[in-house]
Amino acid sequence: MAFTLPDLPYAHDALASLGMSKETLEYHHDLHHKAYVDNGNKLVAGTEWEGKSLEDIVRGTYQAGAVAQSGIFNNASQHWNHNEFWKMMGPGENKKMPGALEKALTDSFGSVQKFKDDFAAAGAGQFGSGWAWLVKDKDGALKVTKTENGVNPLCFGQTALLGCDVWEHSYYIDFRNKRPAYLANFLDKLVNWENVASRL
Ligand code: FE
C-alpha cells in the first residue's frame, strides 16, 4: 500500500507550552515527514516492495552492518519512526505514568529516574542523526538503545516502546544546539506514558 502522511494526533500548537513549538511541528511533520512519505512512494513504485506493509518493507530492506542503507529503507523506516513518534507524545501537563509501566521500568533499570538518565544519555551520545529508544527485546527484557539515521527496533526484532528523534530538525528551532535539554524536556513533559504503556 502507498505510504500516506497521517495527521498529527493533536493540533500543531498543542505541545507549544510543553517545549515543542508550532513551528517545529509544522516543519517536522508537514515538511520532513511528508518528504519521507513522498520519496518513499516514488522509490517503492514498480519494485518488489510495492503493496507490502510498511513493517515488512522496513524489515526486508534493512542491511545489517551496512554503513549506508538503501533509499527505500531510509524513507520507509523514517516514515514508520515518525508515525510512532507523534503518538508517543501528547498534550497536557502532568501526564501520569501507568503503574504497570512504572513497575516494569523499576524492575529493569532500578528506578524510573535511572531509566530516564540512561535514555537521555543514549540520545545525547548518538553521534549525528538518529534515535534513542526504549525497547522490549526478543527475550522480553526492557533495554535502552540508540540507532543511527532511520534504523529502528524493527530491524532487530524488538518492540519499540518509546523513541525520541535526535535529528537536529527535531530540536533546533526550540533548543538550538542543546540536545540534552531537548531530551530532558521530552522525558519530563512531552512523553505520552499511556501510549508507551500500551506497547508493553
Ligand atoms: Fe524527524
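## Some details on the coordination of the iron ion
Move 1: Within the protein, H28 (NE2), H82 (NE2), D165 (OD) and H169 (NE2) serve as the donor atoms for the iron ion, at 1.9 to 2.1 Å.
Move 2: For the iron ion, the four donor atoms in the first shell make angles of 91 to 144° at the metal, so the coordination geometry reads as irregular.
Move 3: On the primary sequence, the residues serving as donors to the iron ion are separated as H-x53-H-x82-D-x3-H. Taken together, the residues span a long stretch of sequence, with H28 in helix α1 (residues 22-44) and H82 in helix α3 (residues 71-87) at a distance of 54 residues. Of the two residues, H28 and H82, neither departs from the other in class, the shared state being buried.

## Section: the packing of helix α2 (residues 54-61) against α3
Move 1: Look at α2 against α3: their axes get within 9 Å of each other, and the N-to-C directions meet at 135°. When the interaxial angle is binned, α2 and α3 end up oblique. In terms of crossing hand, the pair formed by α2 and α3 is left-handed. Mapping the contact onto sequence places L54, E55, I57, V58 and T61 in α2 and I72, F73, A76, S77, H79, W80 and N83 in α3.
Move 2: By residue class, the composition of the contact of α2 with α3 is seven nonpolar, four polar and one charged.

## Re helix α4 (residues 99-109)
Move 1: Of all the positions in α4, only L101, A104, L105 and F109 are classed as buried. Projected onto a plane normal to the axis of α4, the buried residues spread over an arc of 100° and lie on a single side. The exposed set on the far side of α4, more than 90 degrees from its buried face, consists of G99, A100, K103 and D107.
Move 2: Elements that come into contact with the buried residues of α4 comprise α5 (112-125), β1 (130-136), β2 (142-148) and α8 (193-198).

What counts and what doesn't
Residues numbered from 1 in each chain as written. Predicted model: local features only at pLDDT ≥ 70, side-chain atom pairs only at ≥ 80, totals over all residues. Heavy atoms only, no water. Donors = N, O, S within 2.8 Å, 3.2 Å for Na, K, Ca; no water. Tetrahedral: all angles 85-135°; square planar, octahedral: opposite > 155°, others 65-115°. Helix = DSSP H or I, 4+ residues; strand = E, 2+ residues; numbered from the N terminus. Buried < 20%, exposed > 50% of the residue type's maximum accessible area, 1.4 Å probe, protein only. Axes fitted to C-alpha atoms, helices over the stretch in contact; angles between N-to-C directions. Parallel < 35°, antiparallel > 145°, perpendicular 65-115°, else oblique. Left-handed = near helix turned anticlockwise from the far one by under 90°. Contact = heavy atoms within 4.5 Å. Nonpolar A, V, L, I, M, F, W, Y, C, P; charged D, E, K, R; others polar. Arc of directions from axis to C-beta.

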